[in-house]
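Analysis of the macromolecular model
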There are 2 protein chains.
Amino acid sequence: MGIQERKTRHKEDLRKRILEAAKKLFVTAGYEATSIRKIAKEIEFSPTTIYLYYKDKSDIIYALHQEGFQLLRQDFQPLMQVESPFERLKALGRCYIKFAFTHPDFYELMFIMKDPMQYLEINCVEAAWDEGERVFDFLLQTIRDCQEEGYFKGLDTIHVAMEAWASVHGMCALYVSGHLKSMMHVVFGDEDQERMIESAFRVLVHYLESTK
Amino acid sequence: MGIQERKTRHKEDLRKRILEAAKKLFVTAGYEATSIRKIAKEIEFSPTTIYLYYKDKSDIIYALHQEGFQLLRQDFQPLMQVESPFERLKALGRCYIKFAFTHPDFYELMFIMKDPMQYLEINCVEAAWDEGERVFDFLLQTIRDCQEEGYFKGLDTIHVAMEAWASVHGMCALYVSGHLKSMMHVVFGDEDQERMIESAFRVLVHYLESTK
DNA sequence: TGTGAAACTTAACAGTGTTCACTATTTTTG
DNA sequence: CAAAAATAGTGAACACTGTTAAGTTTCACA
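On a predicted model such as this, the values are computed, not experimentally measured, just so you know.

Remarks on the protein's contact with DNA strand D
Residues in close proximity to DNA strand D total 17 residues, the closest being Thr48, Thr49 and Tyr53 of chain A together with Arg37 and Thr48 of chain B. Expressed as a percentage, the sugar and phosphate content of the atoms of DNA strand D within 4 Å of the protein is 48%. One of the side-chain nitrogen or oxygen atoms of Thr49 of chain A is found 2.5 Å away from a phosphate oxygen of DNA strand D. For DNA strand D, a phosphate oxygen lies 2.5 Å from a polar atom in the side chain of Tyr53 of chain A. When residues of the surface near DNA strand D are traced back to their parent elements, those giving at least two are helix H1 (2-29) and helix H3 (47-50) of chain A together with helix H3 (36-42) of chain B.

Below you can see the structure in the form of structure tokens.
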């Protein structure tokens, strides 16, 4: 069935083009600007057509959410080769922070916005958030490796991982939301935000180091 | 006439009643449900009337943001009396987390949403975010007191404070956004979220303690 | 009582997500 | 080959949203 095949390919193509348009709007103009109608205009189709390829807006948002995790995994790829577990752990943290600074919109979509998590809860009760799982598993394994070298003695792996993630996520979230900026305007001179987070991260690393 | 009665009852403090209505909708039905039109319906006035008392929606949102900080300061009040600085620091963290769990909507408004920060940037370039400043100052002073007792040796006060805030905020943010829930569904059995955060917090406290 | 200001509302604009009913076009089938 | 059926796409509408310009009502004071 060559014709069938071509048709389904065309259909897959349009689905992809919708996501591409959504992504373009998202990265250039932010979440607010990414409306069904604007996506439709971008691909020169009627807004209703989009509903033939995606269930609703949250469906598209979740697809973007997954694109973000693909980006993050690409950034993480090289870190797999770092031999020393503790160096790998530090690099992981730095890489995570850098991602948040480089793609703040994606970071917000992936780790801050409620919508994608709600989408998961509603649409697939079982196979929940494997994107998050994969990233967290990498963190878990790295911490386990650190423990084999004597770090985090007497501490539970999962709780250490949770604390580490929360620390770094906290910094990134405060940056992305603008709270760090408002804060620094007041408390600190004009040392820029990235340097502030670097310093906070160094404090964290100091804590982690001294568990050995 | 019910309308006449309504008009003579509260005429001057309509501004306050608008905020009360907004707060009621906000705490009972969340941010999404807090629209100008619904607030208007709540106080039995036309939507346009609200614009005579508040510049725009972000003006109301920011007023709610401030209400939230009033609540948080009330919770913090008793902690001022804790003598031991390190005990005070721990209590501060626990109290902060408890606030996020008790008032997740307010927490989101205060520490996660961009809108109130944008409002500050636009409307008062100078006197930025004194609410945040006051809370952070309390944290800073507590850490300084800890340092006088030998904690956090060789670490910068502000960077330690930043790291501590980020850690605890990270936990709260992951809870409020639902990411913690989705995560735990996968990684961990069904230890509930609050216990997970408690454990992560204990890890943090362990780090802090071992700086002495 | 007349007037001007203040308080408030109506109607509208421009935007949002979403659905229903409809029209072409293409494919399948009797 | 023509009729029926499935497919792809659309226009108009619904029910919302924040916001504003213009108009009306109310009321104190000269």
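After presenting the structure, the write-up continues.
Structural notes on the relation of the copies chain B and chain A
Structural alignment of chain B on chain A gives an RMSD of 0.1 Å, achieved by rotating through 180° and translating 0.0 Å along the axis. Taken together, the rotation and translation describe the operation of a two-fold axis.

Some words on the UniProt feature "domain: HTH tetR-type" (unreviewed entry) in chain A
Sequence positions flagged by UniProt for "domain: HTH tetR-type" (unreviewed entry) are, in local numbering, residues 12-72 of chain A. Helix makes up 75% of residues 12-72 of chain A and strand 0%. Its end C-alpha atoms lie 25 Å apart.

Regarding the domain arrangement of chain A
Residue and element names in this part refer to chain A. Taken domain by domain, chain A consists of domain 1 (1-54) and domain 2 (56-209). One C-alpha centre belongs to domain 1, the other to domain 2; they are set 30 Å apart. Taken together, the contact between domain 1 and domain 2 spans 15 residues of the former and 13 residues of the latter. Counting the surface lost from both domain 1 and domain 2, the interface buries some 1300 Å², and carbon and sulfur atoms represent 75% of this. In this assembly, domain 1 and domain 2 are joined by one salt bridge. With a closest N to O distance of 2.7 Å, Lys23 and Glu67 form a salt bridge. Taken together, domain 1 and domain 2 are joined by three residue pairs in polar contact (both at pLDDT 80 or more). Elements supplying a minimum of two residues to the side of domain 1 that touches domain 2: H1 and helix H2 (36-43). Per-element tally for the side of domain 1 that touches domain 2: the top contributor is H1, with six residues. Residue classes in the side of domain 1 that touches domain 2 are distributed as eleven nonpolar, three polar and one charged.

Here's the deal with the interface of chain B and chain A
The interface is formed by 53 residues belonging to chain B together with 53 residues belonging to chain A. In this assembly, chain B packs against chain A so that about 4700 Å² is buried in total across both faces, 73% of it on carbon and sulfur atoms. In this assembly, chain B and chain A are joined by four salt bridges. Between Glu121 of chain A and Lys181 of chain B there is a salt bridge, and its shortest N-O distance comes to 3.2 Å. In this structure, the connection of chain B to chain A is made through eleven residue pairs in polar contact (both at pLDDT 80 or more).

Topic: the packing of aromatic side chains
Here a ring pair, both rings aromatic, is described through the centre-centre distance and the interplanar angle of the planes. Following the criterion strictly, the structure yields 30 aromatic pairs over all chains and no others. Taking 6.3 Å as the distance between ring centres and 45° as the angle between the ring planes, the aromatic pair formed by Tyr151 of chain A and Phe152 of chain A counts as tilted. Of the residues examined, Tyr151 of chain A reaches a relative accessible area of 11% and is grouped as buried. Ring geometry for Phe69 of chain B against Trp129 of chain B: centres 5.9 Å apart, planes inclined by 85°, an arrangement best described as edge-to-face.

Focus on the protein's contact with DNA strand C
Around DNA strand C sit 17 residues, and of these Ser35, Arg37 and Thr48 of chain A together with Thr49 and Tyr53 of chain B come closest. In the model, a phosphate oxygen of DNA strand C is placed 2.9 Å from a nitrogen or oxygen of the Tyr51 of chain A side chain. Measuring from a base nitrogen of DNA strand C, one finds a side-chain N or O atom of Arg37 of chain B at 3.4 Å. Those elements that provide at least two residues to the surface near DNA strand C are H2 of chain A together with helix H4 (47-50) of chain B. With three residues, H2 of chain A is the single largest residue contributor to the surface near DNA strand C. Residue composition of the surface near DNA strand C, grouped by class: seven nonpolar, five polar and five charged.

So, unusual backbone geometry
All names here are of chain A. Non-glycine residue Glu44 carries a positive phi angle of around 55°. Residue position: Glu44 is located in the loop between H2 and H3. A relative accessible area of 73% places Glu44 in the exposed class.

A closer look at the packing of helix H4 (residues 57-76) of chain A against helix H8 (residues 130-148) of chain A
Relative placement of two packed helices is described by the angle separating their axes and the distance separating the axes. Residues and elements named next belong to chain A. Viewed as axis vectors pointing N to C, H4 and H8 meet at an angle of 20°, and their least axial separation amounts to 10 Å. Viewed along their axes, H4 and H8 adopt a mutual orientation that is roughly parallel. Along this stretch, H4 crosses H8, giving a crossing that reads as left-handed. Residues Tyr62, Gln66, Phe69, Leu72, Arg73 and Phe76 of H4 form the contact with H8, whose participating residues are Glu131, Gly132, Arg134, Val135 and Phe138.

Let's talk about the environment of Gly30 of chain B
All names here are of chain B. With respect to the helices and strands, Gly30 occurs in the loop between helix H2 (14-29) and H3. Along the sequence, Gly30 and Trp165 sit 135 residues apart, while their C-alpha atoms lie 25 Å from each other. Residue contacts for Gly30: discarding those within four places in its chain leaves Leu25 and Asp105.

Details of the packing of helix H5 (residues 57-76) of chain B against helix H6 (residues 85-102) of chain B
All names here are of chain B. Two elements in contact, H5 and H6, have axes whose closest approach is 10 Å; the angle formed by their N-to-C orientations is 140°. By the angle between their axes, H5 is oblique relative to H6. Both H5 and H6 take part in a crossing whose hand is right-handed. Judged by residue contacts, Gly68, Leu71, Leu72, Asp75 and Phe76 of H5 engage Leu92, Cys95, Tyr96 and Phe99 from H6.

Cut-offs used in this document
- Residues numbered from 1 in each chain as written.
- Chains lettered and ligands numbered in written order.
- Predicted model: local features only at pLDDT ≥ 70, side-chain atom pairs only at ≥ 80, totals over all residues.
- Heavy atoms only, no water.
- Near = heavy atom within 4 Å.
- Polar contact = N/O pair within 3.5 Å; in protein donor to acceptor, adjacent residues only side chain to side chain.
- Helix = DSSP H or I, 4+ residues; strand = E, 2+ residues; numbered from the N terminus.
- Least-squares fit on C-alpha atoms with pLDDT ≥ 70 in both.
- UniProt positions renumbered as here; feature names shortened; annotations may be inferred.
- Domains from an automatic or database assignment.
- Contact = heavy atoms within 4.5 Å.
- Buried area = accessible area lost by both parts, 1.4 Å probe.
- Salt bridge = Lys/Arg side-chain N within 4 Å of Asp/Glu carboxyl O.
- Nonpolar A, V, L, I, M, F, W, Y, C, P; charged D, E, K, R; others polar.
- Phe/Tyr/Trp six-rings, centres within 6.5 Å; stacked < 30°, edge-to-face > 60°.
- Buried < 20%, exposed > 50% of the residue type's maximum accessible area, 1.4 Å probe, protein only.
- Axes fitted to C-alpha atoms, helices over the stretch in contact; angles between N-to-C directions.
- Parallel < 35°, antiparallel > 145°, perpendicular 65-115°, else oblique.
- Left-handed = near helix turned anticlockwise from the far one by under 90°.

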